[in-house]
Amino acid sequence: MDSRQLEYFVAVAEELSFTRAAQRLFTVQSTVSAAVRALETDLKTTLFDRSTRRVVLSTAGQALLPEAKAALEALDRARAAVEEASSGLRGSIRIGTLARLSLVNMAELLGAFHRKYPLVEVQVATSPSGSTGLADDVRHGRLDVALLGLPKPELSGLDVRDIATVPFVALVPSAHPLAGRTGVRLPELAQERFVDMPAGFGNRKMVDRAFDAIGMPRRIQVEVPELTTIPDYVRVGLGVGVVPDLELPAAHGVAKLPIEGTALTWTLSVVTPAGRRPSRAVTALLELIGDSTRPEGPYF
């Protein structure tokens, strides 16, 4: 048994597909299959139940998976400790983030991290399904850490550190009857058409649930992939918006109203896989993110 065999086994176990595991490891399927077969021969057991349609862990595979992950993490820590002692912190980080994230200046943050730890390779990715996709990528090992915003019940399987919380506000056209108000309640908006982001995004989920909770599901007229574009659609009268009170670009012809009668908030969190000790590189990044969220932090 060697570390490469364990790495291939873990990838197949998490992806439940030899093809996806090979893509994740940047190799060919035959190499992954051969490594898993060699591991099964060494252990004298079957680790996966294979069919033409699916791959599932056997009982032995389920028993091996947490031990294999722990072994690989221990090897990574040992390797990192030796490399850090000899030449500085090394390694790689796969970080997921939301597009146009204004609460944290990601470019400045990662630039500072690179200057401090130039031997650590940083890969940055987003997800077409927003926070939901990022959370799933962290759970399945495709990302090491992610910044996202989801309701707490949807953060199972993750270690969560909250960074900042902001209230939701309503956006309405300046000619709308509600535009001159000092605030608005959700039932007053329920019959409106809405502009919002796709269903996988955390802010969309929270607002949908808030309207469902009052028994008044809303109607989405326009879906857009970026929060910053919502005011443009509101301005031309295609709907109203309920969005986190972030630094959206100024939009002439749009009124912003506080939401009254409910504590509807959006929280930005940084997440890592639950039950796994983060690598030294990830720990260093988390510490820098923590520094950035203090009032004097330069990236917040």
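Everything below is about the structure printed above this text.
Residues numbered from 1 in each chain as written. Predicted model: local features only at pLDDT ≥ 70, side-chain atom pairs only at ≥ 80, totals over all residues. Heavy atoms only, no water.

Draft legend 1. Molecular detail of the overall build of the protein. In terms of helices and strands, the protein carries 10 helices and 12 strands. In terms of its C-alpha atoms, the protein occupies a principal-axis envelope of roughly 75 × 50 × 30 Å. Considering the protein as a whole, with its 300 residues, one finds that 46% of them fall into the buried category. Across the protein, 34 positive and 34 negative side-chain charges occur, with their mean positions spaced 3 Å apart. (Helix = DSSP H or I, 4+ residues; strand = E, 2+ residues; numbered from the N terminus. Buried < 20%, exposed > 50% of the residue type's maximum accessible area, 1.4 Å probe, protein only. Lys, Arg positive; Asp, Glu negative; His and termini not counted. Charge placed at Lys NZ, Arg CZ, Asp CG, Glu CD.)

Draft legend 2. Here's a closer look at the packing of helix α1 (residues 3-15) against helix α3 (residues 29-43). At a closest axis distance of 9 Å, the pairing of α1 and α3 adopts a crossing angle of 110°. By the angle between their directions, the pair α1 and α3 is classed as roughly perpendicular. Facing α1, whose interface residues are Gln 5, Leu 6, Tyr 8, Phe 9 and Val 12, α3 presents Thr 31, Val 32, Ala 35, Val 36, Ala 38 and Leu 39. Residues of the contact of α1 with α3, tallied by class, amount to nine nonpolar, two polar and no charged. (Axes fitted to C-alpha atoms, helices over the stretch in contact; angles between N-to-C directions. Parallel < 35°, antiparallel > 145°, perpendicular 65-115°, else oblique. Contact = heavy atoms within 4.5 Å. Nonpolar A, V, L, I, M, F, W, Y, C, P; charged D, E, K, R; others polar.)

Draft legend 3. Summary view of the pattern of salt bridges. Overall, the coordinates contain 20 salt bridges when judged by the stated rule. Of the charged contacts, one joins Asp 245 and Lys 256 as a salt bridge, the two residues approaching to 3.1 Å between their closest N and O atoms. Of the two residues, Asp 245 sits in the loop between β10 (241-244) and β11 (254-260) while Lys 256 sits in strand β11, which places them 11 residues apart along the sequence. Residue Asp 245 is classed as partly exposed on the basis of its relative accessible area, which comes to 29%. Counted as one network, the salt bridges with shared partners bring together Glu 14, Glu 15, Arg 20, Arg 24, Lys 69, Asp 136, Asp 137, Arg 142 and Arg 276. (Salt bridge = Lys/Arg side-chain N within 4 Å of Asp/Glu carboxyl O.)

Draft legend 4. Layout of the nonpolar core. Of all hydrophobic cores here, the largest spans 71 residues; its most connected members are Ile 93, Leu 147, Leu 189, Ile 230 and Trp 266. If you tally residues by element for this core, the top one is strand β6 (residues 158-173), at nine residues. Apart from residues lying up to four places away in sequence, Ile 230 is in contact with Leu 171, Val 195, Asp 196, Met 197, Val 224 and Val 243. In this structure, Val 12, Ala 21, Ala 22 and Val 32 belong to the second largest nonpolar core, which totals 23 residues. (Core = buried A, V, L, I, M, F, W, Y, C linked by side-chain atoms within 4.5 Å.)

Draft legend 5. Seen up close, helix α6 (residues 130-139). Counting buried residues in α6 gives seven out of 10 residues, a clear majority hidden from the surface. Inspection of α6 places Gly 130, Ser 131, Gly 133, Leu 134, Ala 135, Asp 137 and Val 138 among the buried residues, and these make up the whole buried set. Where α6 is buried, its residues meet β3 (91-96), β4 (120-125), β5 (145-148), β6, α8 (202-213) and β12 (265-273).

Draft legend 6. Up close: unusual backbone geometry. Even without being glycine, Leu 16 reaches a positive phi, approximately 55°. Along the chain, Leu 16 falls in the loop between α1 and α2 (18-24). Given the relative accessible area of 39%, Leu 16 is considered partly exposed. Positive phi, close to 55°, is recorded for Lys 44, a residue that is not glycine. Take Lys 44: it is sitting in the loop between α3 and β1 (48-50).

Draft legend 7. The arrangement of a nonpolar patch on the surface in detail. On the surface, a nonpolar cluster with roughly 240 Å² of combined accessible area is contributed by Tyr 233, Val 236 and Leu 238. Tracing the backbone through its elements, the reader meets Leu 238 in the loop between α9 (230-235) and β10. A residue is classified by how much of its surface remains accessible, and Leu 238, at 34% relative accessible area, is partly exposed. (Patch = residues over 30% accessible without salt bridge, like charges linked within 9 Å, V, L, I, M, F, W, Y side chains within 5 Å. Areas by Shrake-Rupley, 256 points an atom, 1.4 Å probe, with all protein chains shown as cover.)

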